[in-house]
Amino acid sequence: PEAIENGWLTARNYGTRVVAIHPGSGSLGKNWPIEKYLALADRLRAEAEVTPVFTTGEADDTIRARIGSAHPILPSCPLAELASFLSACAAYVGNDSGVTHLAASLGIPVVAIFGPTDPGTWGPRSPLSHVVRAKIPTLEALAEIPVDLVFRNLAEAIHPIRLRRKDSFATQ
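Residues numbered from 1 in each chain as written. Predicted model: local features only at pLDDT ≥ 70, side-chain atom pairs only at ≥ 80, totals over all residues. Heavy atoms only, no water.

## As for the side chain of T100
Link 1 in the chain: By secondary structure assignment, the location of T100 is in helix α5 (residues 98-105).
Link 2 in the chain: For T100, a relative accessible area of 1% translates into the label buried.
Link 3 in the chain: Side-chain polar atoms of T100 contact the side chain of Y92, separated by 2.8 Å.
Link 4 in the chain: The residues contacting T100, other than those within four sequence positions of it, are Y92, G94, N95, V110, A112 and P124. (Helix = DSSP H or I, 4+ residues; strand = E, 2+ residues; numbered from the N terminus. Buried < 20%, exposed > 50% of the residue type's maximum accessible area, 1.4 Å probe, protein only. Polar contact = N/O pair within 3.5 Å; in protein donor to acceptor, adjacent residues only side chain to side chain. Contact = heavy atoms within 4.5 Å.)

Pasting the structure below:
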């Protein structure tokens, strides 16, 4: 109970419209470049009037260093507290990872970025989930997914103005 309350209160400390960004995964080969996540966070703050808050795992020291002080980073916390934090967010964006599935299971809008793995097999199953994937399933193609495509999917998830697309492909 305390972890759940702490997670929710932590989200509220960042504001009422928080977007969680989780740039890590269990494999570097599934990660959209951190520079693109940082550009997305800048754009979300400027254009979507939300507060981007990064979440990271124990193995994400390099990612945390790259984020630096440019954006808030959720301090390391137990899984129940992370789940509570995510449930209080307006939306979530991340790679093919366990945290992405956790966010989707909580019923918040999710944008999942896929490259070499198959979202048909590994993608989140929530009706509020959008999958942005590389046109070809390679790490190189994943890196080429434009920030604008992810931003548009996330903006649509936060402010739906038309029927949701289930998948979006990056143009190459």
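## A look at the pairing of strand β5 (residues 129-133)
Link 1 in the chain: Where burial is concerned, most of β5 is hidden: four out of the five residues are buried.
Link 2 in the chain: With five bridges joining them, strand β4 (residues 110-114) and β5 adopt parallel strand pairing. Across the sheet, the residue bridging to I113 is V132, located in β5. (Pairing = 2+ DSSP bridges.)

## With respect to the pattern of salt bridges
If charged atoms from side chains of opposite charge come close, those side chains can pair.
Link 1 in the chain: Scanning the model with the defined rule gives seven salt bridges in all.
Link 2 in the chain: A salt bridge links R45 to D42; its shortest N-O distance comes to 3.5 Å. Of the two residues, R45 and D42 are both situated in helix α2 (residues 34-48); the distance of three residues between them amounts to about one turn of the helix.
Link 3 in the chain: Looking at R45, the relative accessible area reads 43%, which means it is partly exposed. (Salt bridge = Lys/Arg side-chain N within 4 Å of Asp/Glu carboxyl O.)

## A closer look at the packing of aromatic side chains
Link 1 in the chain: Scanning all chains against the criterion turns up two aromatic pairs.
Link 2 in the chain: Judged by centre distance (6.4 Å) and plane angle (85 degrees), the rings of Y14 and F85 are edge-to-face. Placement of Y14 in the loop between α1 (2-13) and β1 (18-22) and of F85 in helix α4 (residues 79-87) is noted, with a sequence separation of 71 residues between them.
Link 3 in the chain: On the accessibility criterion, F85 (1% relative accessible area) is buried.
Link 4 in the chain: Geometrically, the ring pair formed by W32 and Y37 is edge-to-face, given 4.9 Å between the ring centres and 85 degrees between the ring planes.
Link 5 in the chain: Residue classification places Y37 among the buried positions, given a relative accessible area of 0%.
Link 6 in the chain: A cation over an aromatic ring shows up here: R43 above the ring of F151, its NZ or CZ 3.9 Å from the ring centre. (Phe/Tyr/Trp six-rings, centres within 6.5 Å; stacked < 30°, edge-to-face > 60°. Lys NZ or Arg CZ within 6 Å of the ring centre and 35° of its normal.)

This is a description of form; function is not addressed.
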